[in-house]
Amino acid sequence: MLQIKNKIIIPDSELEISAIRSQGAGGQNVNKVATAIHLRFDIEASSLPTFYKQQLKKLNDRRITQEGVVVIKAQEHRSQDQNREEALQRLKQLILSAVELPEIRKPTKPTRSSQKKRLDNKTKRGQIKSIRRQVID
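Let me sum up the structure you'll find in this document.

Cut-off values and rules
Every residue gets a number counted from 1 within its own chain, in the order that chain's sequence is written. With pLDDT at 70 or above as the cut-off, local features in this predicted model cover only qualifying residues; side-chain atom pairs require 80 or more to be listed or tallied, and sums for whole chains, interfaces and linings still use all residues. Hydrogen atoms and water are omitted, and side-chain values are computed over all heavy atoms in the structure. To get an axis, fit a line to the C-alpha atoms, keeping to the stretch in contact for a helix; angles then go from 0 to 180 degrees between the N-to-C directions. Numbered from the N terminus, helices here are DSSP runs of H or I no shorter than four residues, and strands are runs of E no shorter than two. By the definition adopted for this analysis, an angle is roughly parallel if under 35 degrees, roughly antiparallel if over 145, roughly perpendicular if from 65 to 115, and oblique otherwise. Working rule for contacts: check all heavy atoms of both residues, and any pair within 4.5 Å makes them a contact. In what follows, salt bridge is the name for a side-chain nitrogen of Lys or Arg lying within 4 Å of a carboxyl oxygen of Asp or Glu. A simple rule labels every residue: compare its accessible area, found with a 1.4 Å probe on the protein chains alone, to the largest value its type can have, and call it buried under 20%, exposed over 50%, or partly exposed in between. Note that the arc is defined by the directions from the helix axis to the C-beta atoms.

1. Digging into the packing of helix α2 (residues 50-58) against helix α3 (residues 80-99)
Inference 1: Closest axis-to-axis distance for the α2/α3 pair is 8 Å, and the angle between their directions is 95 degrees. On the basis of their axis angle, the class for α2 and α3 is roughly perpendicular. Contacts between α2 and α3 involve Phe 51, Tyr 52, Gln 55 and Leu 56 from the former and Leu 94, Ile 95, Ala 98 and Val 99 from the latter.

2. Focus: the pattern of salt bridges
Inference 1: Enumeration over the complete set of coordinates arrives at six salt bridges.
Inference 2: Taking the shortest distance from any N to any O, the salt bridge between Lys 57 and Glu 44 comes out at 1.9 Å. Remark: Glu 44 occurs in the loop between β4 (36-42) and α2 and Lys 57 occurs in helix α2; sequence separation between them is 13 residues.
Inference 3: According to the relative accessible area criterion, Lys 57 is partly exposed, its value standing at 46%.
Inference 4: The partner of Glu 76 in a salt bridge is Arg 90, with the nearest N and O atoms 2.8 Å apart. Highlighted residues: Glu 76 in the loop between β5 (69-74) and α3 and Arg 90 in helix α3, separated in sequence by 14 residues.
Inference 5: It is possible to trace a salt-bridge network through shared partners that takes in Glu 76, Glu 86 and Arg 90.

3. Here we look at the environment of Leu 48
Inference 1: The topology assignment puts Leu 48 in the loop between β4 and α2.
Inference 2: With a relative accessible area of 6%, Leu 48 lands in the buried category.
Inference 3: Residue contacts for Leu 48: discarding those within four places in its chain leaves Ile 8, Ile 10, Phe 41, Lys 53, Leu 56 and Ile 95.

4. Description of α2
Inference 1: Residues of α2 that are buried: Tyr 52, Lys 53, Gln 55 and Leu 56. Looking straight down α2, one finds its buried side chains confined to an arc of 165 degrees; they lie on one side. Among the exposed residues of α2, those pointing more than 90 degrees away from its buried face are Thr 50 and Lys 58.
Inference 2: Buried residues along α2 sit in contact with α3.

Shown next, in the form of structure tokens:
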């Protein structure tokens, strides 16, 4: 079971976890032992609330396929258990980041003094440029 929040839990039956061989250098351990974890999670077939499903689908993340399946590969650690925990934590973080709503920006008004400074700088710059122009007789 993967607990996302207090009442939101993903049962193990919805997670497809398989052990595969890790990539890269590492010698005998990498060549013999399947320590990397390949986690697949189908968004549509899950028991997540519809709001969570919609937000996950909206995410522009390379780990989510066009079919709506989250694919996570964890191979940092040497043990299969640690990689499994790492993959589950990544899935949890992905779901939480999808649901997290950004803060609404409150538009602010420029102060009167900043407006005055801006206009003064514009007039000074205009005067400098007018001095540089050629005088036509």
